[in-house]
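Structural description and commentary
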Amino acid sequence: MPKHFITIRDLGDDAMKLVLRAAEMKKNNFRCDRLQGKILVLLFEKASTRTRLSFETAVRRLGGQTVFMTPQESQLGRSEPLKDTARVISRYNDGMIVRTFGQSKLEQLMEYGSIPVVNALTDEGHPCQIMRDMLTMYERRPDISTMRIAWIGDGNNMANSFIEAATIFGFTLSLACPEGYDPEPALLAQARQAGAKVYLHRDPAAAVEGAHFVHTDVWASMGQEEEQHARLVAFKGFRVDDRLMRLAAPGAKFMHCLPAHRGEEVTEDVLEGPAAILFDQAENRLHMQMAILEWIYS
């Protein structure tokens, strides 16, 4: 059976091992031939700068090759059933790295395909991104279980994957979301039942108090453009600014998955200020994804 990476839960006890392995790869500017002779398909229904570049570079640093496909360049944008696409790709290639909308598409690709599937993003989760953030935070605070992390804004795919990570890594996660924009309720309940220290607030100040890391994301993600005006109203008061950052722990760092809407979810002063480590985050996509791919093909 192929090994997939769909949610952070898939890693189980290996989650911390991947953080350590990615840190080692980064330190040593790692290259190898583990994927020699393998060709992985990047199947993207959503465009991206960082996801595409980091995955293509990761595959090649491990000795493999990539093929990039969008709906416009394939039958994905037409009428062919996804289950047929999965079976065809599996006959040609050695893995699928998928950036799409619904999680159900990944489930179909796994069910009908016979090669590993990596979740590069869905509306429900963004596990590669959060594992990259775990590496970035570990570099500054190695005792992950003592971290206090604040998430400010939409209870989106990033928030969902952060909740999963809190269950596995044991850090304290405080989310501040406007009413009607909470993370997945079942996931939140499951995490709390498992003993995770996850708290949901309506006031960003309450979530940020004492936090070592403050995270946010755009208020309207790709595919939510029609909701832009309504979200601007709903998220008023959820902007990360200097005032909010001063409520965090001394030396707290600001993090953002990018791209950022400057002046919307975060002020320019914070984004360009000394607390911001977002470009370290961006770089760490490469190293963490190399560790994930090594784990899949080990």
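Just so you know, these numbers come straight off a predicted model, no measurement behind them.

**A short note on the sheet that holds strand β9 (residues 253–256)**
- Spatial strand order, β7-β6-β5-β8-β9: five strands in an open sheet with parallel pairing. Of all the strands in the sheet, the pair left with one neighbour each is β7 (197–201) and β9. In this sheet, neighbouring strand axes are inclined to one another by 20 degrees on average, regardless of whether the strands run parallel or antiparallel.
- In the sheet, strand β6 (residues 172–176) pairs with β7 via five bridges, with the strands oriented parallel. Each residue of the ladder has a partner; that of Leu-175, found in β7, is Leu-200.
- Where helix α5 (residues 127–140) meets the sheet, its contacts fall on β5 (148–152), β8 (213–216) and β9, and the angle it forms with β9 comes to roughly 165 degrees.

**Focus on the packing of helix α1 (residues 15–28) against α5**
- Look at α1 against α5: their axes get within 10 Å of each other, and the N-to-C directions meet at 70 degrees. If you check the angle between α1 and α5, you find them roughly perpendicular. Helix-helix and strand crossings are classified by hand; for α1 and α5 the assignment is right-handed. Taking contact as the criterion, the partners of Ala-15, Met-16, Leu-18, Val-19, Leu-20, Ala-22, Ala-23 and Lys-26 in α1 are, on α5, Met-131, Met-134, Leu-135, Tyr-138 and Glu-139.
- Looking at the contact of α1 with α5, its residues break down into eleven nonpolar, no polar and two charged.

Procedures and definitions
Residues numbered from 1 in each chain as written. Predicted model: local features only at pLDDT ≥ 70, side-chain atom pairs only at ≥ 80, totals over all residues. Heavy atoms only, no water. Pairing = 2+ DSSP bridges. Helix = DSSP H or I, 4+ residues; strand = E, 2+ residues; numbered from the N terminus. Axes fitted to C-alpha atoms, helices over the stretch in contact; angles between N-to-C directions. Contact = heavy atoms within 4.5 Å. Parallel < 35°, antiparallel > 145°, perpendicular 65-115°, else oblique. Left-handed = near helix turned anticlockwise from the far one by under 90°. Nonpolar A, V, L, I, M, F, W, Y, C, P; charged D, E, K, R; others polar.

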